[in-house]
Amino acid sequence: MLKNNNKIAILTSGGDAPGMNAAIRSLVLAALHYKMEVIGFNYGFNGLIEADFCQLNESSVRNIIHCGGTILKSARSPKFMTEEGQKQAAENLHKLDVSALVVIGGDGSFNGMLALKSFYQGQLIGLPGTIDNDIDGTDSTIGFATAVNTAIDAIDKIRDTAEAFDRVFVVEVMGRHSGFLALNVGIACAAEQVLTFESFKNPGLELQNIANHIKQCKVERGQSSYLIVAAENLWPEGVEKLCSDLQSYANIKCTPCVLGYIQRGGDPVAKDRILATKLGVAAIEAIRAGKNMIMIGESSNQMCEVAIETAIKHKKQVNAALLKAQNSILDIAELAQLNKI
Ligand code: F6P
């Protein structure tokens, strides 16, 4: 570890997430409180390689807590995937006398920290920032709550028009390879079906199951809207293809809708601002305590520290009770069979 622990750096990397600015603000103010100097690298790990940085002070983080995106910009950095890029990044950190680097990002960014560790002698601290909520060891990631609310807002509007026409809609939400957004959004929008990685047990039968469920609901409830929330990357070739598959397999007409990047933007909700603020302060305290290669998270309302390796090693599991509620207890088709609606 480096001797001087007075100069820290921050970067945001990978998909931006609402609340990243709140985290930057909290880190900067907490660092200034403890008389540390703070710099911010622009464009994620690219900024480390290019030594593209700015000084951060109180005025840099004034009036940013409510803004989506990230004032430090973000990037996915192919250069940083190479050993040459990692060595260059470490060299720049050493030259600039940075004793600790805080990385705000998701699993790709945490993998970047693991790579940098081989060449950098300072402390590395991660803050979980991604709308996907796919980082293990923290109940929620910065940005997840806002993305859920944004998707709910959009889907409630889709429901209005679906209801007016008795249409079947298939709405794709983000999440990369994780079902947190799909399940939580689906529950909150009372989707008739949620298609997630966690509930796709038998790929061969899925089309039949999806079609049967739609038909059964139409029979039991009469004419009505019907909403499927699907995780991105789940159906080969996406939700447009799922809709055309349903049309050719069962003559069901569905309207596809990909929500896309709208879920990444927007003002962070209170939960994300507060989470980001708590994580930022805890990160500075962890730096002062000499911690290294950890992620700061929150578990059951308590701040926690998780080894970076652990945070990315296990696939974070969606809430099993929520999955069961969606797929069985609250399922309209199951209810119809038990009771007749
Ligand atoms: O990780 C956040 C995320 O928005 C995912 O939900 C999505 O799969 C991915 O990033 C999109 O990445 P890009 O911005 O590189 O297209």
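Position numbers for residues count from 1 along each chain, tracking the sequence in the order it is written. At least 70 in pLDDT is required for a residue's local features to be given in this predicted model, at least 80 for side-chain atom pairs to be given and counted, and no such filter applies to totals for whole chains, interfaces and linings, which use all residues. Remark: hydrogens and water are excluded; side-chain values derive from all non-hydrogen atoms of the structure.

### Quick word on the packing of helix 7 (residues 206-221) against helix 12 (residues 332-339)
Where helix 7 contacts helix 12, the axes come no closer than 9 Å and their chain directions differ by 50 degrees. Classed by the angle they form, the pair helix 7 and helix 12 counts as oblique. In terms of crossing hand, the pair formed by helix 7 and helix 12 is left-handed. Every residue of helix 12 that contacts helix 7 at His213, Gln216, Cys217, Glu220 and Arg221 is listed here: Ile332, Ala333, Ala336 and Gln337. Three classes are used: nonpolar for Ala, Val, Leu, Ile, Met, Phe, Trp, Tyr, Cys and Pro, charged for Asp, Glu, Lys and Arg, and polar for all others, with Gly counted as polar. Residue composition of the contact of helix 7 with helix 12, by class: four nonpolar, three polar and two charged. Axis definition: a line fit to C-alpha positions, over the contact stretch in the case of helices; interaxial angles, taken between N-to-C directions, run 0 to 180 degrees. Going along the chain from the N terminus, every DSSP run of H or I of four or more residues is numbered as a helix, and every run of E of two or more is numbered as a strand. In this scheme, roughly parallel covers angles under 35 degrees and roughly antiparallel covers those over 145, while 65 to 115 is roughly perpendicular and the rest are oblique. By convention the crossing between two helices is left-handed if the near helix lies anticlockwise of the far one by an angle smaller than a right angle, and right-handed if it lies clockwise. Only heavy atoms enter the contact rule, under which two residues are in contact if any of them lie within 4.5 Å.

### Examining the sheet that holds strand 6 (residues 168-173)
We treat two strands as partners when DSSP finds at least two bridges between them. Judged by pairing direction, the sheet is parallel, and its four strands sit side by side in the order 7-8-6-9 without closing on themselves. The sheet is open, and its two edges are formed by strand 7 (193-195) and strand 9 (254-258), each paired on a single side. When the angles between neighbouring strand axes are averaged without regard to direction, this sheet yields 20 degrees. Strand direction decides the pairing type here: strand 7 and strand 8 (residues 226-231), joined by three bridges, are parallel. Within strand 8, the position partnered with Val194 by the bridge is Val229. Along the sheet, helix 6 (residues 180-188) contacts strand 6, strand 7 and strand 8; its crossing angle with strand 8, the most-contacted strand, is approximately 160 degrees.

### A short note on the pattern of salt bridges
By convention in these notes, a salt bridge is any Lys or Arg side-chain nitrogen within 4 Å of a carboxyl oxygen on Asp or Glu. Considering all chains together, one arrives at eleven salt bridges under this definition. Taking the shortest distance from any N to any O, the salt bridge between Asp16 and Arg264 comes out at 3.1 Å. Of this pair, Asp16 sits in the loop between strand 1 (7-12) and helix 1 (20-33) while Arg264 sits in the loop between strand 9 and helix 9 (270-288); the two residues are 248 residues apart in sequence, bridging distant segments of the chain. Burial classes follow relative accessibility: with a 1.4 Å probe on protein chains only, a residue under 20% of its type's maximum area counts as buried, one over 50% as exposed, and anything between as partly exposed. Note on Arg264: relative accessible area 18%, which makes it buried.

### Regarding the site of the ligand
Consider each residue's heavy atoms; a residue with any of them within 4 Å of a molecule or strand counts as near. All residues in the neighbourhood of the ligand are listed as Arg76, Thr130, Ile131, Asp132, Met174, Gly175, Arg176, Glu232, Tyr261 and Arg264. Any pair of nitrogen or oxygen atoms within 3.5 Å is treated as a polar contact; in protein, a donor-acceptor pairing is required on top of that, and neighbouring residues in sequence qualify only through side-chain atoms on both sides. Side-chain polar atom of Glu232 to an oxygen atom of the ligand: 2.5 Å apart, as the coordinates give it. The method behind every accessible area is Shrake-Rupley, applied with a 1.4 Å probe, and residues are considered shielded solely by the protein chains displayed. In isolation the ligand exposes 400 Å². Once the protein is present, 78% of that is buried. Grouping the constituent residues of the shell around the ligand by class yields three nonpolar, two polar and five charged. Lining the shell around the ligand are residues from two domains, each supplying at least three of them: domain 1 (7-143 + 268-311) and domain 2 (146-264). Marked domain ranges trace back to an automatic or database domain assignment.

### Overview of the domain arrangement of the protein
Taken domain by domain, the protein consists of domain 1 (7-143 + 268-311) and domain 2 (146-264). On a C-alpha basis, the centres of domain 1 and domain 2 stand 34 Å from each other. Taken together, the twelve residues of domain 1 in the interface contact eleven residues of domain 2. A quick way to say it: buried area is the sum, across both parts, of accessible area lost when two parts are put together, with a 1.4 Å probe. Interface of domain 1 and domain 2: buried area, both sides summed, is about 1,000 Å²; carbon and sulfur atoms make up 48% of it. If you look at where domain 1 meets domain 2, you find one salt bridge. In this assembly, domain 1 and domain 2 are joined by five residue pairs in polar contact (both at pLDDT 80 or more). Tallied by class, the residues present in the side of domain 1 that touches domain 2 amount to four nonpolar, three polar and five charged.

### As for the side chain of Ser225
Mapping Ser225 onto the fold places it in the loop between helix 7 and strand 8. Only 3.1 Å separates the side chain of Ser225 from the side chain of Arg159, close enough to count as a polar contact. Engagement of the side chain of Ser225 in a polar contact is seen with the side chain of Glu163, the distance being 2.5 Å. Ser225 has contacts with Arg159, Ala162, Glu163, Asp166, Arg167 and Glu192, leaving out every residue within four places of it along the chain.

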